[in-house]
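Topology and contacts: notes
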Amino acid sequence: MNDNHYDVAVIGGGPAGYPAAIRAAQLGLSAVCIDDWKNEKGERLFGGTCLNVGCIPSKALLESSELFHRAETEFSVHGIKVGGLGLDVAAMQTRKAGIVQQLTTGIEALFKAAGVVGIKGRGKLLAGNRVEVKTDTGVETLSATHVVLATGSVPVELPMAKFDGKRIVDSTGALAFTSVPKRLGVIGAGVIGLELGSVWGRLGSEVVILEALDTFLYMADQQIAKEALRHLKKQGLDIRLGAKVTSATVQGDVVKVGYESGGAAQTLECDALVVAVGRRPYTTGAFAQDVPVQLDKRGFVEVDAHCRTSVPKVWAVGDVVRGPMLAHKGTEEGVMVAELIAGHVAEMNYKTIPSVIYTAPEIAWVGQTEAEVQ
Ligand SMILES: Cc1cc2nc3c(=O)[nH]c(=O)nc-3n(C[C@H](O)[C@H](O)[C@H](O)COP(=O)(O)OP(=O)(O)OC[C@H]3O[C@@H](n4cnc5c(N)ncnc54)[C@H](O)[C@@H]3O)c2cc1C
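Conventions we followed
Residues numbered from 1 in each chain as written. Predicted model: local features only at pLDDT ≥ 70, side-chain atom pairs only at ≥ 80, totals over all residues. Heavy atoms only, no water. Axes fitted to C-alpha atoms, helices over the stretch in contact; angles between N-to-C directions. Helix = DSSP H or I, 4+ residues; strand = E, 2+ residues; numbered from the N terminus. Parallel < 35°, antiparallel > 145°, perpendicular 65-115°, else oblique. Left-handed = near helix turned anticlockwise from the far one by under 90°. Contact = heavy atoms within 4.5 Å. Nonpolar A, V, L, I, M, F, W, Y, C, P; charged D, E, K, R; others polar. Pairing = 2+ DSSP bridges. Domains from an automatic or database assignment. Buried area = accessible area lost by both parts, 1.4 Å probe. Salt bridge = Lys/Arg side-chain N within 4 Å of Asp/Glu carboxyl O. Near = heavy atom within 4 Å. Polar contact = N/O pair within 3.5 Å; in protein donor to acceptor, adjacent residues only side chain to side chain. Areas by Shrake-Rupley, 256 points an atom, 1.4 Å probe, with all protein chains shown as cover.

Considerations on the packing of helix H3 (residues 55–73) against helix H6 (residues 191–202)
Interhelical geometry of H3 versus H6 gives an angle of 40 degrees and a closest axis separation of 8 Å. Judged by the angle between their axes, H3 and H6 are oblique. The crossing of H3 and H6 is left-handed. Across the interface between the two elements, Ser58, Lys59, Leu61, Leu62, Ser65, Glu66, Phe68, His69 and Glu72 of H3 pack against Glu195, Ser198, Val199, Trp200 and Arg202 of H6. In terms of residue class, the contact of H3 with H6 is built from five nonpolar, four polar and five charged.

Describing the sheet that holds strand S11 (residues 243–251)
Here three strands make up an open sheet; going across it, the order is S11-S12-S13 and the pairing antiparallel. This sheet does not close on itself; its edge strands, each paired only once, are S11 and strand S13 (264–270). For this sheet, the mean angle separating the axes of adjacent strands, direction not counted, is 20 degrees. Two strands pair when backbone bridges link them, and strand S12 (residues 254–261) and S13 are joined in this way by seven bridges, in the antiparallel orientation. By the bridge assignment for S13, Val255 is matched with Cys270.

Re the domain arrangement of the protein
On domain assignment, one finds that the protein holds domain 1 (3–155 + 280–343) and domain 2 (168–277 + 355–373). Averaged C-alpha coordinates put domain 1 and domain 2 at centres separated by 26 Å. Counting residues at the interface gives 19 residues for domain 1, matched by 17 residues for domain 2. When domain 1 packs against domain 2, close to 1500 Å² is buried across both sides, 67% of that on carbon and sulfur atoms. Of all residues in domain 1, Val53, Leu62 and Val89 bury the most surface against domain 2, accounting for 29% of the area lost on that side. At the junction of domain 1 with domain 2, the criterion picks out one salt bridge. Here Lys59 ties to Glu195 by a salt bridge, and the two come within 2.7 Å at their closest N and O atoms.

Topic: the site of the ligand
For the ligand, the set of nearby residues contains 36 residues, the closest of which are Asp35, Asp36, Thr49, Lys59 and Gly123. With respect to the ligand, the side chain of His328 contributes an N or O atom lying 3.3 Å from an oxygen atom. In the complex, 95% of the free accessible area of the ligand, which totals 1000 Å², lies under the protein chains. The set of elements that each furnish at least two residues to the shell around the ligand consists of strand S2 (31–35), helix H2 (48–53), H3, strand S3 (117–126) and helix H8 (327–341). The greatest single-element share of the shell around the ligand, amounting to four residues, is contributed by H2. Three or more residues apiece are contributed to the shell around the ligand by two domains, here domain 1 (3–155 + 280–343) and domain 2 (168–277 + 355–373).

Some details on unusual backbone geometry
The phi angle of most residues is negative, glycine excepted, and most peptide bonds adopt the trans form. In the segment running from Ala360 into Pro361, the intervening peptide bond is cis, with an omega of 0 degrees. Of note in this structure, Asn129 is not a glycine but carries a positive phi near 50 degrees. Residue position: Asn129 is located in the loop between S3 and strand S4 (130–135). Unusually for a residue other than glycine, Cys307 sits at a positive phi of about 70 degrees.

Quick look at the structure:
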């Protein structure tokens, strides 16, 4: 074996990929993790969507905005007087960036401790389990007995509401606003739409959330969903169900959104529009054309219950495969795959993956809903 050979090569260093590499190394295998994430400053950081522009920054802003909102609306009831309460969005964003920086660099420390080789670059699986890696300094090829694809997902763009990066944005854009939009439109009342709507609503935006489905949180227990809807509306979120967006155009400083509701055409004007209608698996350039990794109709890498792809010794985990797009689901798959590669017995129980929406109150569930059981 040459120096450039590993037992396990993981392409993607998000919450599915990096734990796979660490677990493999803990079990005595040589492991490399390749990740190409670059932030807006051009810094390359491990951690994927979750740490850079997902779970972590959203939770940082949720906490800041909740504290502000409580100080504004609840403190006086408790007899706590706060004079001159104000908002410094720049400081809030700086705190968020600091948390992201700390956690993403922490992964490199974890790699070092476990003996994982971390490479910041773009990986491409070639035939014969070789991996081409393009870094900022050149191209190299390594080989691995097992390759794990953990290339994640990206936001879905709507053809009638294309991102312009300024006024029509995805979740990443909505986590980076430098001021509070006076009127904020959100397309999609899913987890991300509700969390981001809550953040900016608590900080002062008038938030309208347009949801195409007539059912609120169809995936949750409907008794809980009903109660949550009541609370969120009371907090000022204007959640409009059965509202199908037909157009969104930027006219000067305003976004004009057209939608259909109850058979009638409606319009909404806002200063910024967040499109939060879901994410799609990302496999662009992850494997060469002569590597027969099968994708399903929706573009997910096809895997069996143990995350084996159609190619022997090639595995796939996380958002790029079927199942809920959740960080802990990807992590658990990554750990399972590493253990299987090391010859251990490992299983995933997909029926016990918890889901949480970090609104106030938080909405959480695990297992089947009553409707599913019936
Ligand atoms: C706003 C928001 C909030 C969220 N909040 C939560 C939450 O609270 N809880 C939760 O469980 N989940 C949450 N999620 C979902 C969570 O972020 C994802 O489920 C998780 O990040 C998926 O992990 P992953 O490792 O599969 O993919 P990703 O995190 O997307 O990581 C994939 C990595 O692979 C890299 N990559 C892709 N192709 C290549 C290549 N060819 N070569 C090298 N690298 C490559 C990407 O750059 C990326 O760094 C949230 C998502 C968003 C957007």
